[in-house]
Amino acid sequence: MARWCYRHRLVVLLLWVGALFGLGFSASTAGTDYANVFSLPDTDSKKAYDLMEKAFPASAGDTDTVVWKVDEGSVRDQDVRSRIQPALDEIAGMKGVGGVTGPYAADAAGAAQISGDGRIAYAQITFTEQANAVPKELVQDVVDTARGAGQDGLEVEVGGQAIQRVQEPPTGLAEMVGLAAAAVVLFLAFGSLYAMLLPLAVAVFGVGMGLFSTQLLSHVTDIPDLAPLLSSLIGLGVGIDYALFIVTRHRKGVLRGLDPEESTVVALNTSGRAVLFAGGTVCIALAGMLVTNLRFLDGVVIGTSLTVVLSVLAATTLLPALLGFLGARVLSRKQRRVLAATGPEPEKSSGPAARWSVGVQRRPRTIAALALVVMAVLALPVLSLRLGATDQGNDDASTTTRKAYDLLAEGFGPGFNGPLQVVVDGGDATALTASIKDTPGVAQVAALPPASGVTVIQVVPTTSPQSAETDTLIDRLRDDVIPEAGAQAHVGGVTAVSKDFATVTGDRLPLFIATIIGLGFLLLLVAFRSLVVPLTAAVMNLVAAAASFGVLVAVFQWGWGLDLLGLGKEGPINAFLPVIMLSLLFGLSMDYQVFLVSRMHEEWVHTRDNARAVRVGLAETSRVINSAALIMVCVFLAFVLSGDSGAAMAGVGLAAAVALDAFILRTALVPAAMHLLGDSNWWLPGWLEKRLPHLAVEPKEEAAPATAAAGEGPASVVHGFVRNTAGEPVEDATVTLMSQGGRELDRVTSLADGSYILSVPAPGTYLLATTAAPPLLKRARRLTAAGEPLVHDVELEEAAEVS
């Protein structure tokens with residue numbers, strides 16, 4: 001497949017471009033139909049919602065609020081009314097506004113919209129569409145008209161879901177900032193503009209097609225509006241990372257003497273296999289959310305999994321085509337000049353990564369202990385984790401939605417922003433209303449006129465919707481007040497729904513964690529034929545999750561650094577976030593585990609030396625893992641700019657998780673633990689070995705020959721002459737024999753007559769790379785060796801000057 005894509009690169013590129021533009025046109029024509037469906041069967045709030053829907057059919061449109069406050073006097077003063085009422089009338093006349101209910105009506109309902117001290121009042125605006133369908137131009141006109149009525153001594157603010165949409169940053173800002181940060185990291189890693197652009201192009205195609213597909217699917221199934229943001233977040237991260245792993249392996253092959261086509265094939269046959277496996281683990285982890293049976297998450301699974309699949313497809317088909325267009329230009333100019341002048345690089349690890357790997361081998365106990373202490377300290381805040389829901393009270397203090405929220409809390413009490421709805425369908429509603437009024441924690445109670453035998457009692461708590469005291473009040477109403485009154489009633493409303501969602505999520509979290517950890521264990525068990533490797537990975541995933549949630553609690557629940565990040569006010573952690581974060585964290589952690597351990601396993605298969613396998617695997621993969629992690633951290637942190645508190649929370653949490661996982665766990669704790677465990681890392685009972693299916697992450701390479709008796713020599717040889725196109729011998733040409741996976745097996749220098757001879761370990765297919773001093777061109781050819789010596793002559797052409 002890689003070779004076909006390389007050779008038919010123009011066809012592949014046109015197919016991808018056509019698919020992207022085709023999906024984009026279809027998605028823009030169809031529009032969006034995202035729906036946040038919080039289906040919580042068998043919960044009290046769901047029963048209340050069902051009764052409300054039958055007796056009081058909800059209006060079709062979104063309801064938002066205009067709030068105003070005077071510094072002196074009363075909102076009833078004529079000069080205040082003369083500014084506010086015309087603005088409300090103008091808003092009521094706008095196309096797309098269903099109606100405006102203000103406080104200046106003569107009936108008692110209007111008077112209830114003015115605070116007790118007369119300084120704060122509000123009006124409700126009902127649009128004809130749901131919040132995500134209201135045109136932003138209309139919402140902006142409403143905001144401008146309402147706030148335009150303000151003056152010195154009269155503050156006017158606007159709140160609500162539709163209003164929140166117009167104060168979000170421009171769509172795509174987070175993605176653009178993330179891509180720009182990733183571009184800087186990639187350029188520093190590669191030193192080549194062309195190589196830097198490759199992972200970005202793969203990510204753009206994968207994420208673009210994933211978002212367009214998700215948008216189209218929103219018309220046929222329920223997909224929440226958070227799904228596109230999370231799809232972008234995870235898609236950019238894995239898309240860039242997967243392409244980075246493949247491009248890094250390809251560049252290494254070119255530097256070692258392979259021509260670009262053979263190097264591409266080798267890169268896809270090695271790192272490409274790992275990418276397929278890693279992408280599969282991410283999708284499996286995401287699918288693990290389905291065991292929670294929360295419909296809200298079903299759409300998230302669809303959007304994110306589809307984006308990951310398309311990103312993997314782009315990395316394994318589009319990327320080889322792009323590599324074909326670049327050829328040797330995937331290297332920097334300096335690297336091309338050095339390669340032409342000195343020949344291919346030897347297969348060895350050097351630099352900081354190699355020194356760090358040696359250091360881990362020498363002091364595994366010290367490094368493991370330090371890493372565990374750091375992770376344990378960061379995990380401590382997780383003991384205070386409280387699940388809930390964010391609202392506009394968590395917006396930044398400078399936004400009009402946050403100001404409106406605070407004004408309503410100031411004028412009508414902190415519980416006014418999240419009233420409870422006690423829905424009564426049997427028993428004495430009047431007696432229940434009186435009992436609720438006497439319940440501690442209740443500020444206001446009002447029973448609405450009954451309809452179809454159902455009465456709704458509006459209950460305003462004395463505490464904010466996110467406080468633990470409000471949760472206690474809900475439990476008290478359900479467990480004590482309603483049963484004692486002998487009524488058949490259910491507690492609903494947004495605050496009660498959020499509480500029930502958090503409770504259900506918390507109850508199902510252990511099953512979810514057990515599912516994804518168990519699936520990951522089985523995958524790694526089959527891939528690496530070891531019991532200890534997957535067990536180590538499972539423990540590390542739990543450690544990473546605990547530490548990352550500790551960071552999340554410290555930032556968003558305790559408020560450490562929120563002002564610095566511009567993320568508003570502290571509050572509980574979104575109830576859905578643990579499930580989403582654990583899925584993404586598990587998938588990304590598995591990526592790094594696969595790339596790290598697959599290289600160790602490859603070395604172990606060839607040498608049976610655990611210390612060498614761990615040292616070489618860490619030295620050769622830690623740099624690319626750290627680069628990939630740094631890119632992901634940049635992409636995830638960029639979603640702080642998304643304007644969505646859920647996406648910002650997920651971005652910060654995942655950035656912390658990836659940083660801790662890559663920089664502490666995978667490059668310190670995991671290799672240190674594997675050094676301490678020794679050969680037992682690769683232990684697998686014989687009876688289990690026979691029953692496990694075979695799933696190779698790394699390509700199958702020719703087995704090393706059985707140990708020969710003294711003097712028997714290698715299994716075979718390949719020999720011949722290196723000549724130029726005129727038939728003259730080429731002296732001092734470097735001839736390298738490599739396995740199909742790119743592993744160097746033997747290397748020699750041609751003699752004065754151009755002759756060379758290489759040892760072949762066993763019959764099989766190999767790569768033969770030949771490089772000579774300029775102006776001769778390097779060549780790589782695939783050859784098949786049998787048990788007899790193989791003659792293979794190499795002809796080198798003159799190369800054009802490197803530019």
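Structural data are supplied above this passage.
Reading the values: the criteria
Throughout, a residue's number is its position along its own chain's written sequence, starting from 1. Local features in this predicted model are restricted to residues of pLDDT 70 or higher, and side-chain atom pairs are both shown and tallied only at a pLDDT of 80 or more, whereas totals for entire chains, interfaces and linings draw on every residue. Water and hydrogen atoms play no part in the side-chain values, which are based on all heavy atoms of the structure. Under the scheme used here, helices are H or I runs from DSSP no shorter than 4 residues and strands are E runs no shorter than 2 residues, and both carry numbers assigned from the N terminus. A contact between two residues is defined here by any heavy atoms of the two lying within 4.5 Å. Working convention: axes come from line fits to C-alpha atoms, limited for helices to the stretch in contact. Angles between N-to-C directions cover 0 to 180 degrees. Just so you know how the angles are binned, under 35 degrees is roughly parallel, over 145 roughly antiparallel, 65 to 115 roughly perpendicular, and the rest oblique. In a left-handed crossing the near helix is turned counterclockwise from the far helix by less than a right angle, and in a right-handed crossing that turn is clockwise. By the convention adopted, Pro, Cys, Tyr, Trp, Phe, Met, Ile, Leu, Val and Ala count as nonpolar, Lys, Arg, Asp and Glu as charged, and the other residues, Gly among them, as polar. Any two strands with at least two DSSP bridges between them are considered paired.

Asker: Looking at this structure, how should I read the overall build of the chain?
Answerer: A tally of helices and strands in the chain yields 25 helices and 18 strands. Taken along the three principal axes of its C-alpha coordinates, the chain extends 110 × 55 × 45 Å. If you take every contact in the chain between residues at least 6 apart in sequence, the share linking residues at least 24 apart comes to 78%.

Asker: Teacher, can you tell me more about unusual backbone geometry here?
Answerer: Glycine aside, the phi torsion of most residues is negative, and most peptide linkages are trans. Positive phi outside glycine occurs at R529, with the angle close to 50°. Relative to the assigned elements, R529 resides in the loop between α19 (494-528) and α20 (532-557).

Asker: When you look at the packing of helix α10 (residues 226-255) against helix α11 (residues 260-287) in this model, what are you seeing that I'm missing?
Answerer: In a packed pair of helices, the relevant descriptors are the angle between the two axes and the axis-to-axis distance. At a minimum axis distance of 8 Å, the contact between α10 and α11 shows a crossing angle of 155°. The angle between α10 and α11 falls in the class roughly antiparallel. As for the relative orientation of α10 and α11, their crossing is right-handed in sense. Of the residues in α11, those touching α10 at Y242, F245, I246, R249, H250, G253 and V254 are P260, S263, T264, A267, L268, T270, S271, G272, V275, A278, G279 and V282. Looking at the contact of α10 with α11 residue by residue, the class counts come to 10 nonpolar, eight polar and one charged.

Asker: Which parts of the structure should I look at to understand the sheet that holds strand β12 (residues 734-738)?
Answerer: The strands making up a sheet associate through hydrogen bonds between their backbones, and the pairing can be parallel or antiparallel. If you walk across this open sheet you meet the four strands as β13-β12-β15-β16, and the pairing is antiparallel. The open sheet has two edge strands, β13 (744-749) and β16 (779-785), and neither has a second partner. When the angles between neighbouring strand axes are averaged without regard to direction, this sheet yields 20°. Pairing between strand β15 (residues 764-771) and β16: seven bridges, direction antiparallel. The residue of β16 that forms the bridge with G764 is A785.

Asker: What am I meant to see in the packing of helix α8 (residues 173-190) against helix α9 (residues 193-217) here?
Answerer: Two numbers describe how α8 lies on α9: the axes approach to 8 Å, and their chain directions differ by 145°. Every pair of crossing elements has a handedness; the one defined by α8 and α9 is right-handed. Across from L179, A182, A183, L186, F187 and F190 in α8, the residues of α9 making contact are L193, A195, M196, P199, L200 and V204.

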